[in-house]
Amino acid sequence: MASLANVLLSRRVQEMVINGEEPESLYICRDENEAQNVPSPLAPIPIIDLNLFSSSTTKTEEEEEEELQKLKSALCSWGCFQAINHGIPSCFLDEFRQVTREFFQLPMEEKNKYCKGIEEVEGYGGDPSPEEGQFLDWQDRLFLTVYPHDLRDTKIWPQNPKSFREDLESYTCKMRIVTEIVSKSMAKSLQLEEHCFLNQFGERAAMQARFNYYPCCQRPDIVLGLKPHADGTGYTIILQDEVEGLQILRNQQWFTVPTLPNALLILMGDQMEIMTNGIFKSPVHRVVTDREKERTSIAVFYTPEKHKEIGPVDGLVHEERPAVFKKVKDYEITHWEYYQRGMRALHIAHV
Ligand SMILES: O=C(O)CCC(=O)C(=O)O
Ligand SMILES: [Fe+2]
């Protein structure tokens, strides 16, 4: 394990910024000669009205079918979509984003009450150190398991800001509702029985919240907020703030994800690619830094229940399209090992 990385990771990126320090070499992801100054184009990611998938909404069958086709096409190409009319009031989303910002603005001493050991995942701090040769991310984060309840470690759920815990509890309930409607709609868009993905995720499918804080960075041309990766989840629900920074790789080009104040970005992880037999794509994405604007995001990772086997759903495997993936369980563990080496793990699930 790179000891210099451990030294750097024992301090928050935020502290370096407050002290006016330049990024150390381990944060530098590319050569100055390859420095990227060209802005990436905005990604035309489809916007999906989740209200059209709710049984209590008045709509025509055609309207629903059209939206399902839009959803399918988004997930086959971009591997993500912007969900609107998801039922979460915009004032709550604003409050939750504000509380998140307030947490990261607390004095270091207060935040450190929830700090993690360098090699631990849950808690406040940086990710565990990657393998030697990998660069570090220009971000601090707070990582908490929120579901199932018995897997929560509430000692590291911040008590400050005052409403943090209550808001996170409430956000978790709302996320459960969103995952149900999204999982069912994805199944319907593929002409599958609506519970087929929910059954694979299982009753005790995990939800983990990752609060990302990307401080300003003087060298956005050579330092990344989060390295390129695909998620090891089933899928991930991202609440962005108003600062752009998340980018998606498509056809070897990086596209910036637009910020839409009341939308949730739903992004496929490798396990949905496996369950759909490769039809939905788990996109490679990264976060860039900005000289003047700091950014926060809240990602909720929705992952199949521990030790539960998942694989391509029956309806998507037939003679013309044999299984591309085999059955796997606890895929996210292998994913993490590869992630730390800067690699994708999806090939381990190929038949
Ligand atoms: O900050 C973001 O918008 C994305 C974060 C992300 O990709 C992750 O936490 O896996
Ligand atoms: Fe991600």
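Rules behind the numbers
Residues numbered from 1 in each chain as written. Chains lettered and ligands numbered in written order. Predicted model: local features only at pLDDT ≥ 70, side-chain atom pairs only at ≥ 80, totals over all residues. Heavy atoms only, no water. Helix = DSSP H or I, 4+ residues; strand = E, 2+ residues; numbered from the N terminus. Expected span 1.5 Å × (residues − 1). Contact = heavy atoms within 4.5 Å. Pairing = 2+ DSSP bridges. Axes fitted to C-alpha atoms, helices over the stretch in contact; angles between N-to-C directions. Donors = N, O, S within 2.8 Å, 3.2 Å for Na, K, Ca; no water. Buried < 20%, exposed > 50% of the residue type's maximum accessible area, 1.4 Å probe, protein only. Core = buried A, V, L, I, M, F, W, Y, C linked by side-chain atoms within 4.5 Å. Patch = residues over 30% accessible without salt bridge, like charges linked within 9 Å, V, L, I, M, F, W, Y side chains within 5 Å. Areas by Shrake-Rupley, 256 points an atom, 1.4 Å probe, with all protein chains shown as cover. Salt bridge = Lys/Arg side-chain N within 4 Å of Asp/Glu carboxyl O. Lys, Arg positive; Asp, Glu negative; His and termini not counted. Charge placed at Lys NZ, Arg CZ, Asp CG, Glu CD.

### Notes on helix α3 (residues 61–77)
And then number 1: Taking 1.5 Å as the rise per residue, α3 with 17 residues should run 24 Å; its terminal C-alpha atoms sit 24 Å apart, in good agreement.
And then number 2: In this structure, the buried residues of α3 make contact with β1 (47–49), β2 (80–84), α6 (164–189) and β10 (264–268).
And then number 3: Two residues or fewer after α3 comes Gly79, characterised by a positive phi angle close to 75 degrees.

### Comments concerning the sheet that holds strand β12 (residues 295–303)
What links the strands of a sheet is backbone hydrogen bonding, and the strands pair in either a parallel or an antiparallel sense.
And then number 1: Overall, mixed pairing links the eight strands, which are arranged β1-β2-β10-β7-β12-β5-β4-β3 in an open sheet. Both edges of this open sheet fall to β1 and β3 (123–125), since each of them pairs with a single strand only. For this sheet the average axis-to-axis angle between neighbouring strands, irrespective of direction, equals 25 degrees.
And then number 2: Sheet analysis places β3 next to strand β4 (residues 140–147), joined by three bridges and oriented antiparallel. Paired with Tyr124 across the two strands is Leu142, which belongs to β4.
And then number 3: Helix-sheet contacts for α6 involve β2, β4, β5 (206–214), β7 (235–240), β10 and β12, and the interaxial angle to β7 is about 130 degrees.

### Regarding the coordination of the iron ion (ligand 2)
Around a metal, the perfect tetrahedron of four donors has angles of 109.5 degrees, and the perfect octahedron of six donors has angles of 90 or 180 degrees.
And then number 1: Taken together, His229 (NE2), Asp231 (OD) and His285 (NE2) make up the protein donors of the iron ion (ligand 2), found 2.1 to 2.2 Å from the metal.
And then number 2: Each donor residue of the iron ion (ligand 2) lies on one chain, and together they are spaced H-x1-D-x53-H.
And then number 3: Judged by relative accessible area, His229 falls into the buried class, the value being 9%.
And then number 4: Exposure remark for Asp231: the relative accessible area of 6% places this residue in the buried category.

### Describing the nonpolar core
And then number 1: Core analysis: the biggest nonpolar cluster contains 69 residues, and Phe81, Tyr171, Met186, Phe197, Phe211 and Tyr235 have the highest contact counts within it.
And then number 2: The dominant element in this core, judged by the number of residues it contributes, is α6, at eight residues.

### Let's talk about a negative patch on the surface
And then number 1: On the surface, Glu61, Glu62, Glu63, Glu65 and Glu66 cluster together into a negatively charged patch.
And then number 2: Turning to its location among the elements, Glu62 is positioned in helix α3.

### Looking at the sheet that holds strand β8 (residues 246–250)
And then number 1: Read across the open sheet, the four strands follow the order β6-β11-β8-β9; overall the sheet is antiparallel. Both edges of this open sheet fall to β6 (224–229) and β9 (253–256), since each of them pairs with a single strand only. Across the sheet, the mean angle from the axis of one strand to that of its neighbour is 30 degrees, orientation sign disregarded.
And then number 2: The sheet contact formed by β6 and strand β11 (residues 285–288) spans three bridges and is antiparallel. Within β11, the position partnered with His229 by the bridge is His285.

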